[in-house]
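# Summary of structural features
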Amino acid sequence: MPRRPTVYDVAERAGVSIATVSFTFRQPERVRESTRDAVLAAARELGYVPSASARGLAHGSTGALGLYAFDLMLAAPQSGAAAAPPPSGEHPDSDPRAFPLYVDEVQRGVELECWQRGQALLLSSGSGTGAAVTEIAGRVDGLAMFPGPTPVEALEHVARRIPVVAFSMPPVADGLHHVTVDNRAGMRDLVGHLVGDHGLRDLAFVGRLTTPDYAERFAGFREALAAAGLPEPAEPLDPTDLAEPHRLEVVAELADADRLPRALVCASDQHALAVLDLLAARGIPAPERVVVTGFDGILAGRLTRPSLTTVRQPMVAMGRLAVQVLVRHAGTAAGEPESHRLPVEVVRRESCGCPGV
């Protein structure tokens, strides 16, 4: 194979120092425009591409941050036993609600902050085994993680070498940095709106408490009902997990028997969108017969009809903040962990009876 051109070749062709070549690619604002043009022209002629690996060897870093998500659409096939097909006969992978869409919006925040800083970003996803997370951790200077099945011990092990930011996980003494939102307050405000502004008294919660976020939202739901003098349920009405093939079975049974509560307060927007689909398929009008609300504020909630009343997380801000934390702690994995809890906002739309936005 022909020898790859090096920074020395570019410097010689352009008649500049190797430091000028390095600045041209890494900090172009420090190089005069005419010199920068000459270096870039020489690089094009030689076919030179800067090597992040080489820079990492020289500076003891990779120059990249990582973002790890869990591919829940693949989780069932990877678990060993074959999952039964859903009643529709469609493969579960065909339903986009099997994947947490809010991940996309948080990821956009990560990408925007990395782009603004000129920071490389490595995206990875998988089943969440400790080995999978450790593998990507070896390629980056800092890692942001969505909640999933990875053992805490594996994350603690990684955090001893590089900074790790965990999204939507309760801050504990685990050596990780945390970026979360005020789930309880958001749910209390949402239920307070339904009870106080719409006069609803018969409310139920939909969603399995599989994540800390969902558990906090259910706790806020119960607190709001107690504050209104209404009965507090011990558990959700329908413990549906959207990653599993059989979803909303309890809601479907109650709908068929015309015994649905007046309002279904869902653990996430994706749960709420699935509920709205179920009601529409049975000719049950929302919000006239059943009020439906979500939580997260994903774009799909604005586009559905009726538009979805929800609690909006500042998802892009969460992603940007995670990058800021990782950059602050790059090279100091053992530093004092940061914990950030961001505020949320109730968004009133058609699915609760408010005018659409």
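Residues numbered from 1 in each chain as written. Predicted model: local features only at pLDDT ≥ 70, side-chain atom pairs only at ≥ 80, totals over all residues. Heavy atoms only, no water.

The name an unreviewed UniProt entry assigns to the protein is DNA-binding LacI/PurR family transcriptional regulator, from the organism Cellulomonas hominis.

Right, let's talk about the packing of helix 6 (residues 102-117) against helix 14 (residues 315-329) for a bit. The contact between helix 6 and helix 14 brings their axes to 7 Å, and the two run at 45°. Accordingly, the angle class assigned to the pair helix 6 and helix 14 is oblique. In the packing of helix 6 onto helix 14, the handedness of the crossing is right-handed. Here Y102, E105, V106, G109, V110, L112, E113, C114, Q116 and R117 of helix 6 lie close against helix 14, whose contacting residues are M315, V316, G319, R320, V323, Q324 and V327. When the residues that make up the contact of helix 6 with helix 14 are grouped by side-chain class, the tally is nine nonpolar, four polar and four charged. (Axes fitted to C-alpha atoms, helices over the stretch in contact; angles between N-to-C directions. Helix = DSSP H or I, 4+ residues; strand = E, 2+ residues; numbered from the N terminus. Parallel < 35°, antiparallel > 145°, perpendicular 65-115°, else oblique. Left-handed = near helix turned anticlockwise from the far one by under 90°. Contact = heavy atoms within 4.5 Å. Nonpolar A, V, L, I, M, F, W, Y, C, P; charged D, E, K, R; others polar.)

What follows covers the pattern of salt bridges. Taken as a whole and judged by the stated rule, the model has 14 salt bridges. Note that D256 is salt-bridged to R282, the shortest N-O span being 2.8 Å. One end of the pair, D256, is in helix 11 (residues 249-256); the other, R282, is in the loop between helix 12 (269-281) and strand 8 (291-293), and 26 residues separate them in sequence. E345 is paired through a salt bridge with R312; the nearest N and O atoms lie 3.3 Å apart. Here E345 is found in strand 11 (residues 345-347), whereas its partner R312 is found in strand 9 (residues 310-312), with 33 residues between them in sequence. Using a relative accessible area of 33% as the deciding quantity, one classes R312 as partly exposed. (Salt bridge = Lys/Arg side-chain N within 4 Å of Asp/Glu carboxyl O. Buried < 20%, exposed > 50% of the residue type's maximum accessible area, 1.4 Å probe, protein only.)

Alternating residues of strand 4 (residues 164-167) divide into V164 and A166 and V165 and F167, and every residue in both groups is buried. Bridge count between strand 3 (residues 143-145) and strand 4: three bridges; the pairing is parallel. Paired with A144 across the bridge in strand 4 is V165. Where strand 4 lies against strand 5 (residues 177-181), three bridges are found, and the strand directions are parallel. Its bridge partner lying in strand 5, V165 is registered against H177. (Pairing = 2+ DSSP bridges.)

Turning our eyes to something else, we now look at the nonpolar core. If you look at the biggest cluster of nonpolar residues, it comprises 46 residues, and the most contacted ones within it are F146, F167, L260, L264, V275, L279 and V292. Split by domain, the residues of this core number at least three in each of domain 2 (64-72 + 97-180 + 315-341) and domain 3 (183-313 + 346-352). (Core = buried A, V, L, I, M, F, W, Y, C linked by side-chain atoms within 4.5 Å. Domains from an automatic or database assignment.)

In total, this model carries five aromatic pairs according to the counting rule given. Judged by centre distance (5.9 Å) and plane angle (85°), the rings of Y102 and F146 are edge-to-face. A residue pair is termed long-range when its members are at least 10 positions apart, and Y102 in helix 6 and F146 in the loop between strand 3 and helix 8 (152-159) qualify at 44 residues. Residue Y102 is classed as buried on the basis of its relative accessible area, which comes to 10%. Judged by centre distance (5.6 Å) and plane angle (55°), the ring pair of F205 and F221 falls under tilted. Residue F205 is located in strand 6 (residues 203-206), and its partner F221 is located in helix 10 (residues 212-227); the two are separated by 16 residues in the primary sequence. (Phe/Tyr/Trp six-rings, centres within 6.5 Å; stacked < 30°, edge-to-face > 60°.)

A separate point is the environment of S307. Residue placement: S307 occurs in the loop between helix 13 (300-303) and strand 9. Classification of S307 as buried rests on a relative accessible area of 2%. Spatially, the C-alpha atom of S307 lies 9.1 Å from that of R348, the residues being 41 residues apart in sequence.

It is worth spelling out the pairing of strand 7 (residues 263-266) at this point. Taking every second residue as pointing to the same face, both faces of strand 7 are buried, with A263 and V265 on one and L264 and C266 on the other. Here strand 6 pairs with strand 7 via four bridges, running parallel. Paired with F205 across the bridge in strand 7 is V265. As defined by bridge partners, strand 7 adjoins strand 8 across three bridges and the pair is classed as parallel. What sits directly across from V265, in strand 8, is T293. Taking the sense of rotation as the criterion, the β-α-β connection linking strand 7, helix 12 and strand 8 turns out right-handed. (Right-handed = clockwise from strand over helix to strand, strands pointing away.)

With that settled, consider empty space enclosed by the protein. This model, assessed by the stated rule, comprises three cavities of 30 Å³ or more. Volume-wise, the second largest cavity comes out at about 40 Å³. Where the lining of the second largest cavity is concerned, the elements lending two or more residues are strand 1 (64-70), helix 6 and helix 14. Of the residues contributing to the lining of the second largest cavity, the split by class is eight nonpolar, one polar and no charged. (1 Å grid on protein atoms, 1.4 Å probe; cavity = no way out; pocket = protein on both sides within 12 Å on 5 of 7 lines; lining within 4 Å. Points joined across faces, edges and corners; volume = space filled by probe spheres on them.)

This part takes up the sheet that holds strand 8. Pairing is parallel in the open sheet, where three strands are placed in the order 6-7-8. Each end of this open sheet is capped by a strand with a single partner; those strands are strand 6 and strand 8. Strand-to-strand, the axes of this sheet are offset by a mean angle of 20°, without reference to chain direction. Along the sheet, helix 10 contacts strand 6 and strand 7; its crossing angle with strand 6, the most-contacted strand, is approximately 175°. The sheet contacts of helix 12 involve strand 6, strand 7 and strand 8, and relative to strand 8 the element is tilted by about 155°.

This part takes up the side chain of H329. Structurally, H329 can be placed in helix 14. Take H329: its relative accessible area is 10%, and that puts it in the buried class. In this structure, H329 is in contact with P163, H177, E336 and E338, ignoring residues within four places of it in sequence.

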